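Coordinates in review
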Number of protein chains: 2
Amino acid sequence: MATSSEENYLKAIWKLTPDSEAVSTNALAEILAMRPASVTDMLKKLAAKKLIGYKPYQGVKLTASGRKKALEIVRKHRLWEVFLRDKLGFGWDEVHDIAEQLEHIESESLTDRLDHFLGFPKVDPHGDPIPDKDGKILSDTGILLAHGTVKTPYVVVGVVEHSPVFLRYLDSYGIGLGTLLAIDNIEAYDLSVKITINKKKSVLFSHEVARNLLVTEQ
Amino acid sequence: MATSSEENYLKAIWKLTPDSEAVSTNALAEILAMRPASVTDMLKKLAAKKLIGYKPYQGVKLTASGRKKALEIVRKHRLWEVFLRDKLGFGWDEVHDIAEQLEHIESESLTDRLDHFLGFPKVDPHGDPIPDKDGKILSDTGILLAHGTVKTPYVVVGVVEHSPVFLRYLDSYGIGLGTLLAIDNIEAYDLSVKITINKKKSVLFSHEVARNLLVTEQ
DNA sequence: ATTAAAATTTAGACTAGCCTAAAAAATAAT
DNA sequence: ATTATTTTTTAGGCTAGTCTAAATTTTAAT
Ligand SMILES: [Mn+2]
Ligand SMILES: [Mn+2]
Ligand SMILES: [Mn+2]
Ligand SMILES: [Mn+2]
């Protein structure tokens, strides 16, 4: 029904406003790595298909059916990421690019059988929640480690930044989903943080790292 | 590198002449369900990329690199078919259409990990051999049941016709890869065959069915 | 050897999806 | 309230991949 390109636009709009606020043409062009003029063209097509609400110069919003479609793509993307890691042994830094292709495979039964095969996972390898068959999706849990308090025991539940280079950096410290972290202290000067990983080694992270890690207490 | 469309053309050429004979424009148009004029256009593009040898009015042949590329697609297609049946539980009548999409996913490591995950299968759900990483592929085994002799014990190793309707017809008789068949007799009038399935029930098949079943002795 | 038929290519057109450059509208600054 | 800046849209252009209709070439039939 929808082309890969259309699906990428819908997903991008959803990512920018999971709660269906208005999104600007430039913001879309930015994350799609495309020119604003191209975005305007596509927005007209999506509007003609009633997948978005679009008034010139006013930004766009997903319609109910557009949001449903976007969540289908997100669901497929995240399920495939789980498959790639759990079944094929890819690292969390490798799964995204391949899932970008796999998310466009069209077959409802494929998606549902995959979900079943994977044991109905709740989150993907980056801790992001996986929408269910009906498009229901849990809200992201966790706070930024950068907003955490000293001495509180935390567990990593997700990442904000998804770039392979960041993920591999975390790998190099043995940090992944489920890793226990505690803040030893926060340096007032540059907000860098001293962290104890898994109750063992203590290391220093920049604020940049701390505000890209999602954690929950306990 | 190659587009999905280009890949489909290369695969179609390979299917028409696995041994790299010349293929006609019309034959390609036929199996690609496209117009000859469109095929001519694409042949020029493939020739420019040195994937085929093309002389106007003379038909086309795959070059070594074109054949390699074609076999990569066939490898991916057949591996995904195995995945869909073995891991997700799809029937052999359902896997082809989904594999038509999955075969275009680009990632060498994905293909190789999938192969490993599946236990390096030798044949796909229809009995067709799966090319290895280097493009080596076994020649099809088996003879047509229609060419078989009475009373010889045969085992089904493949199908010629791949249509879901034919495959489901076989399902309805409990016939799949590995099923034991014996020809009780061949009717001289219309070449219909009386067959014993798995040494149990005996049924009558048209010649049409018999020449779409591949079997080997014993 | 001509002529007829079939196969193939060429010519011209269309859509999707992108682009650049210019125009228009909205927003921010004076 | 103008003017300047930023955002967005319009206009026109390009490529890939398809199509129809017409021309050309090859093959088959007389
Ligand atoms: Mn991802
Ligand atoms: Mn993810
Ligand atoms: Mn197939
Ligand atoms: Mn097959």
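In what follows, the structure referred to is the one given above.
Residues numbered from 1 in each chain as written. Chains lettered and ligands numbered in written order. Predicted model: local features only at pLDDT ≥ 70, side-chain atom pairs only at ≥ 80, totals over all residues. Heavy atoms only, no water.

1. Remarks on the coordination of the manganese ion (ligand 1)
The reference angle at a metal is 109.5 degrees if four donors form a tetrahedron and 90 or 180 degrees if six donors form an octahedron. All names here are of chain A. Going by this rule: Note that water is not among the atoms considered, so a metal site may appear incomplete; the donors listed are N, O and S atoms within 2.8 Å of the metal, with 3.2 Å applied to Na, K and Ca. Runs of E in the DSSP output that reach at least two residues are strands. Runs of H or I that reach at least four are helices, and both are numbered from the N terminus. Burial classes follow relative accessibility: with a 1.4 Å probe on protein chains only, a residue under 20% of its type's maximum area counts as buried, one over 50% as exposed, and anything between as partly exposed.
Protein coordination of the manganese ion (ligand 1) is provided by His77 (NE2), Glu81 (OE) and His96 (ND1), with donor distances spanning 2.1 to 2.2 Å. Sequence spacing among the residues donating to the manganese ion (ligand 1) works out to H-x3-E-x14-H. The metal-metal distance between the manganese ion (ligand 1) and the manganese ion (ligand 2) comes to 3.4 Å, with Glu81 coordinating both. Of the two residues, His77 and Glu81 are both situated in helix H4 (residues 64-86); the distance of four residues between them amounts to about one turn of the helix. For the pair shown, His77 and Glu81 are each scored as buried.

2. With respect to the pattern of salt bridges
We count it as follows: When a carboxyl oxygen of Asp or Glu lies within 4 Å of a side-chain nitrogen of Lys or Arg, that pair is called a salt bridge.
A complete count under the given rule lists 28 salt bridges over all chains for this structure. Where Arg75 of chain A meets Asp112 of chain A, a salt bridge forms, and the shortest distance between an N and an O atom there is 2.9 Å. Pair noted here: Arg75 of chain A is in helix H4 and Asp112 of chain A is in helix H6 (residues 108-117), with a separation of 37 residues, a long-range link. Asp112 of chain A gets classed as partly exposed once you look at its relative accessible area, which sits at 21%. Residues Glu72 of chain B and Lys68 of chain B are paired through a salt bridge, measuring 3.5 Å at the closest nitrogen-oxygen approach. On the criterion of helical spacing, the pair formed by Glu72 of chain B and Lys68 of chain B is a turn pair, its members being four residues apart in helix H4 (residues 64-87). Within this structure, Arg75, Glu108, Asp112, Asp115 and Lys133 of chain A form a network of salt bridges that share partners.

3. Comments concerning the relation of the copies chain A and chain B
As a reminder, the rule being used: Fitting of the copies onto one another was done by least squares over C-alpha atoms, counting residues only where both copies have pLDDT of at least 70. Contacts are assigned to residue pairs that have any heavy atoms within 4.5 Å of one another.
For the pair chain A and chain B, the relating rotation is 180 degrees, the translation along its axis is 0.0 Å, and the fit reaches an RMSD of 0.1 Å. Classification of the inter-copy transformation places it as that of a two-fold axis. Across chain A, the smallest distance between a C-alpha and the rotation axis is recorded for Leu102 of chain A, namely 3.8 Å. Most of the interface of chain A is mirrored in chain B, where 100% of its interface residues are also at the interface.

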